[in-house]
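What the coordinates show
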Amino acid sequence: MQSTSNVNKPDIAQLGHSVLRQEAQVVDDILSHECQNLIDEMMDAVNQAGGVGIAAPQIYRSMRVFIMCSKPSIRYPNAPLMPPTAIINPEIVSASKEMEKGWEGCLSVPSMRGFVPRHKEIAVTYYDRQGHKQQATYTDFVARIFQHELDHLDGLTFIDRLESPIDLISESHWYQEFAPKDSKM
Ligand code: NI
């Protein structure tokens, strides 16, 4: 018998599916129904999954769109609160030399956590869902989400960014050993 919590679970592409290894296509018409509907589907999916970000390839759509929705949660208690934001055709314009390692999970890599180095600060451009070009500078956790999701658009997962296989651990062990000390994620 399925628990009720599984009824609305979104169908997320899992590691090994080829869509996660493709370079996603640039969106030409952001205001099209296709793109706007995709954004709505992704907002629903990330909300139902309780994630802080999701990329279009994770719902089997190879387009350069992701959602960032950092918020405090059981998985990420100290995450800053931000409204769910659609990021279309993103680019990293510049990145700090300084890297920082932090724990990441991924809806497409269930039950695992990786200790992943990311740029501490990034300057980015993207288009919002109204089709307007935006510039922003992100640091720390939000910069981490952006880099993680942008990687999905280039056919990469956090596993590809690990310095060593030792930095990949089970989520259950992560909860035991790291979650109480590392309140960041
Ligand atoms: Ni992911």
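In this section: the overall build of the protein chain. The number of helices and strands found in the protein chain is three helices and eight strands. When its helices and strands are written in sequence order, the protein chain yields α-β-β-β-β-β-β-β-α-β-α. Relative to the globule expectation of 16 Å for 185 residues, the C-alpha radius of gyration of the protein chain, 16 Å, shows essentially globular dimensions. Counting only C-alpha atoms and orienting by the principal axes, one finds that the protein chain spans roughly 50 × 45 × 30 Å. Residues classed as buried in the protein chain amount to 47% of the 185 residues present. A total accessible area of about 9,500 Å² is found for the protein chain, and carbon and sulfur atoms account for 52% of it.

Note that soluble globular proteins tend to have their nonpolar side chains buried in a common cluster. Of all hydrophobic cores here, the largest spans 20 residues; its most connected members are I39, M42, I54, V65 and I67. Taken together, the elements giving at least two residues each to this core come down to helix 1 (33-49), strand 2 (65-68) and strand 3 (85-95). Of the residues forming this core, the biggest block, seven residues, is contributed by helix 1. Excluding anything up to four places from it in sequence, M42 contacts I54, A55, A56, I59, V65, F66 and I67. A55, I87, Y138 and F146 belong to the second largest nonpolar core, which has 19 residues in total.

On to helix 2 (residues 140-153), then. Across its 14 residues, helix 2 extends 21 Å between first and last C-alpha, which sits within 8% of the 20 Å expected from 1.5 Å per residue. Taking burial as the measure, the 14 residues of helix 2 include 13 buried ones, the bulk of the element. Trailing helix 2 by a residue or two, G155 shows a phi angle of about 80 degrees, which is positive.

Parameters and conventions
- Residues numbered from 1 in each chain as written.
- Predicted model: local features only at pLDDT ≥ 70, side-chain atom pairs only at ≥ 80, totals over all residues.
- Heavy atoms only, no water.
- Helix = DSSP H or I, 4+ residues; strand = E, 2+ residues; numbered from the N terminus.
- Rg over C-alpha atoms; globule rule 2.2 N^0.38 Å.
- Buried < 20%, exposed > 50% of the residue type's maximum accessible area, 1.4 Å probe, protein only.
- Areas by Shrake-Rupley, 256 points an atom, 1.4 Å probe, with all protein chains shown as cover.
- Core = buried A, V, L, I, M, F, W, Y, C linked by side-chain atoms within 4.5 Å.
- Contact = heavy atoms within 4.5 Å.
- Expected span 1.5 Å × (residues − 1).

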